[in-house]
Amino acid sequence: MQEALIGNPLFKNNIIVFGILAISLAAIFYTSSLKSWKKFYSIFPALLLCYIVPAILNTTNIISSETQEYEDLYYVATRYLLPASLLLLCLGIDLKGLINLGWKPIAMFFAGTFGVIIGGPIALFLFSQIHPATVSGTGNQEIWRGLSTIAGSWIGGGANQTAMLEIFSYDKRFYGAMILVDIVVANIWMAILLFMISKNEKINNWLKADNSSVQNLIDRVENYSLSVQKQPALKDYMVMFGITFGGLAISFYFAELISKFLSGIPSFADPKSFFNSFTSSFLWLILFSTVIGVLVSTTKLRSLEGVGASKIGSIFIYILVAVIGMRMDIMQIFDNPFLIFLGIVWIFIHVVILFIVAKLIKAPLFFIAVGSQANIGGAASAPVVAGAFNPSLAPVGALLAILGYIVGTVGALFSALMMEWVTNNFIL
C-alpha cells in the first residue's frame, strides 16, 4: 500500500476520480450551509476549497493529474462542460447590461497584459543579481527563451505558448521546468484570487471602486430570473438539454471547420506567425458557445433561466474548478524553488500594476480578477473566476479570455525581446 501511495496514485479510474470530486464538492457545499461551519468558511471560502481539496488529493497521490486518465477528464471538463456552462450562463444574460460594463474591464485586461510583459524582464533582472545560477544558460538553453513561453501562456494560452517555443527555439529537454512554473505559479495566484473574492466588499471599499455597473448587471439578471421563475417540468429540462448540447455540437463543428481551414493557410499555420493563435479550435469553441448563448438570450428561450439554467451552468463550472485544482501538486513548489520564486515575483509585478490601475480608475475587484485571469488563466479559468462573483458574470471572463488569445503572441514577443536584452546586458 505504501508503494502505491508513493508511486502510482491510489485511484486512477476516471469514474472513481470523478466520484471523489463529486463527493468533495457535495461535502463542501453542504457543510458551508451549516451554522456550525460558518466560522470555518469565513476563513476558508467554499470556492477556494473546491480548488484546494482536489490539489491536496493530488499532492497526497490519492488521485493524480500525471495520468492519461486525468487528461481525458480534463478534456471533458474543458471541451464539454466549460462551453456548455458558458452557453447556459449566457442564456440568461442581459446584453444591454453587459455592454453597460463599459471600458473598465478592457482597461484592466490590458493593464494585466502590460504587467506580464514587463514583469518577466524585471524578475529576470532581479534574479540575475540575487541568484545568477537560476537564470544562467547558453545558446538555446538561455532562460529568457524558456520564460518567453510562460509569457505566451500568461497573456494568451497554449497556442501562444507553443508559438514562443518555436520562435525562440528553447531546448525542449528543459521545457518541462517552464511548464511547471507556469502551472504552479498560476494556480497559486488563482487560489489567492478565490480567497480575495470572499473579501470583495472590503477590497472595493479600499479601492473606492465604482461597482455600480457590475451590481446593476447582477441585479437585472437576478430580477429577470425571479420574474420568470416557475416549477420546472421535464419538458423544460429536455429543451435546455437540447439547446445546451445542440449548441455545443454546432460550436464544435464550426470550431473544427474554421481551425482546419486556417491551418491550411501558410501565414496561419506557421507557429511563428502572429495569426497562428487563430488556428486553435478551443478559441473558436469558446467564442461560438458564448455567441450562441448570447443569441439565445435575445429569444423567448431566455425564460429557461427561470427553471435554473444558470444553476446548472454553475454546477459545470464548479466541476471544472475541481478538475483544474487537480493539476496543482503543492510539493512541486520545492522542485525548483528559485525558478518558482522568479515566477512568483513576475506575477507579483502583474498584480501590483493591476491594483495601481484599478485604484486610479476606481475599478472594482471583479475587473481586477477577470482582467488578470483572462491573461494568466485564459478561457479555462477566467469564466470560473468571473462566475465566482456571480454566475451571470461568467461571459465577461470568456470574452476577455478570447481577447487574450488575440494579443498573446505580440505581447509575449515584446516581453521576450526585453528579457533577451536583460540577458545580454546583465547576465554573464
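Sequence order as written defines residue numbering, which begins from 1 separately in each chain. Owing to the predicted nature of the model, reporting of local features is limited to residues with pLDDT of at least 70; listing and counting of side-chain atom pairs is limited to 80 or more, with chain, interface and lining totals taken over all residues. Side-chain measures here rest on the full set of heavy atoms in the structure, leaving out hydrogens and waters.

Glancing now at the pattern of salt bridges. We define a salt bridge as a contact between a side-chain nitrogen of Lys or Arg and a carboxyl oxygen of Asp or Glu at a distance within 4 Å. For the structure on display, the rule yields 2 salt bridges. The salt bridge partner of Arg145 is Glu142, with a shortest N-O separation of 3.2 Å. Of the two residues, Arg145 and Glu142, neither departs from the other in class, the shared state being buried. Between Asp236 and Lys230 there is a salt bridge, with its nearest N and O atoms 3.4 Å apart. Buried residues are those whose accessible area, probed at 1.4 Å on protein chains only, stays under 20% of the maximum for their type, while exposed residues exceed 50% and partly exposed ones sit between those limits.

With that settled, consider the nonpolar core. Buried Ala, Val, Leu, Ile, Met, Phe, Trp, Tyr and Cys residues that are joined via side-chain atoms within 4.5 Å together make up what is termed a nonpolar core. Counting residues in hydrophobic clusters, the biggest one holds 143 residues, and the most contacted among them are Leu124, Leu147, Trp154, Trp346 and Phe366. Considering every element that reaches this core, the biggest residue donor is helix H10 (residues 175-197), with 14 residues. Apart from residues no more than four positions distant in its own chain, Trp154 is found in contact with Val116, Val181, Asp182, Val185, Ala186, Gly343, Trp346, Ile347, Asn375 and Ile376. Secondary structure counts use DSSP, requiring at least four H or I residues in a row for a helix and at least two E residues in a row for a strand, with both numbered from the N terminus. We call two residues contacting when some pair of their heavy atoms lies within 4.5 Å.

Any pair of Phe, Tyr and Trp rings, taking the six-membered ring for Trp, is counted once the centres come within 6.5 Å. Such a pair is stacked with planes under 30 degrees apart, edge-to-face with planes over 60 apart, and tilted for the rest. Taken as a whole and assessed by the stated rule, the structure comprises 18 aromatic pairs. Where Trp37 meets Phe40, the ring centres are 5.5 Å apart and the plane angle is 90°; that geometry is what we call edge-to-face. For Trp37, a relative accessible area of 35% gives the class partly exposed. Ring geometry for Trp37 against Tyr41: centres 6.1 Å apart, planes inclined by 40°, an arrangement best described as tilted. On the accessibility criterion, Tyr41 (12% relative accessible area) is buried. Throughout this description, the term charge over a ring refers to an Arg CZ or Lys NZ atom that lies within 6 Å of the ring centre and within 35 degrees of the ring normal. We note Lys359 situated over the ring of Trp206; from NZ or CZ to the ring centre the distance is 4.5 Å.

For helices, the fitted line uses only the C-alpha atoms of the stretch in contact; every axis is such a line through C-alpha atoms, and the angle between N-to-C directions lies from 0 to 180 degrees. One can describe the packing of helix H8 (residues 143-155) onto helix H17 (residues 337-361) by two numbers: an axis separation of 13 Å at closest approach and a directional angle of 40°. Classified by the angle between their axes, H8 and H17 sit oblique to one another. Considering only the axes of H8 and H17, their crossing is right-handed. Where H8 abuts H17, its residues Leu147, Ile150, Ala151 and Trp154 lie against Leu342, Gly343, Trp346 and Ile347. Taken together, the residues of the contact of H8 with H17 sort by class into 7 nonpolar, 1 polar and no charged. Geometric relationships in this document are graded by angle, where less than 35 degrees denotes roughly parallel, more than 145 denotes roughly antiparallel, 65 to 115 denotes roughly perpendicular, and other angles denote oblique. Should the near helix be turned anticlockwise from the far one by less than a right angle, the crossing is left-handed, and should it be turned clockwise, the crossing is right-handed. Put simply, Ala, Val, Leu, Ile, Met, Phe, Trp, Tyr, Cys and Pro go in the nonpolar bin, Asp, Glu, Lys and Arg in the charged bin, and everything else, Gly too, in the polar bin.

Take the side chain of Gln161 next. Among the structural elements, Gln161 can be located in helix H9 (residues 158-168). Polar contact criterion, stated in full: a pair of N or O atoms within 3.5 Å, where within protein one must be able to donate a hydrogen and the other to accept it, and residues adjacent in sequence count only if both atoms are side-chain atoms. Polar side-chain contacts of Gln161 include one of 3.3 Å to the side chain of Asp182.

Another point: the environment of Ile349. The residue Ile349 is located in helix H17 in this model. Residue Ile349 is classed as buried on the basis of its relative accessible area of 13%. C-alpha of Ile349 to C-alpha of Ala374: the two residues are 25 residues apart in sequence and 16 Å apart in space. Ignoring sequence-local partners within four residues, the contact set of Ile349 consists of Gly115, Ile118, Gly119, Ile122 and Ala123.

This brings us to the confidence of the model for the protein. Per-residue confidence from the prediction method is given by pLDDT, with values spanning 0 to 100. For the protein, mean pLDDT is 86; residues scoring 70 or higher make up 96% of the total. In the predicted structure, residues 1-6 sits below a pLDDT of 50 and forms 8 contacts with residues beyond four places in sequence or in another chain.

Tracing the chain through its elements places Ser153 in helix H8. With residues near it in sequence (within four places) discarded, Ser153 still touches Gln161, Asp182, Asn375 and Ile376.

Here the focus is helix H5 (residues 68-91). With 24 residues, H5 ought to run about 34 Å at 1.5 Å a step, and its terminal C-alpha atoms sit 34 Å apart, in line with that. Bending of H5 peaks at approximately 30° at the position of Leu81, with proline Pro83 no more than four residues after it. What a helix should span is 1.5 Å times the count of its residues minus one. Here the bend at a residue is taken as the angle between two axes, fitted respectively to the seven residues that end there and the seven that start there.

Judged by side-chain polarity, Ile122, Phe125, Leu126, Ile130, Trp421 and Phe426 come together as a nonpolar surface patch covering roughly 570 Å² of accessible area. Mapped by element, the contributors of at least two residues to the nonpolar patch are helix H7 (104-130) and helix H20 (394-426). The element best represented in the nonpolar patch is H7, accounting for 4 residues. Here Trp421 lies in helix H20. Within this analysis, patches are made of residues with over 30% relative accessible area and no salt bridge. Like charges are joined at 9 Å or less; nonpolar side chains (Val, Leu, Ile, Met, Phe, Trp, Tyr) at 5 Å or less. Residue exposure ignores everything except the shown protein chains as possible cover, and the areas themselves are Shrake-Rupley values with a 1.4 Å probe.

The subject of this paragraph is the environment of Met196. Relative to the helices and strands, Met196 is located in helix H10. Take Met196: its relative accessible area is 13%, and that puts it in the buried class. For the pair Met196 and Thr138, spaced 58 residues apart in the sequence, the C-alpha separation amounts to 40 Å. Contacts of Met196, omitting those with residues within four sequence positions, involve Trp189, Ile203, Phe355 and Leu365.

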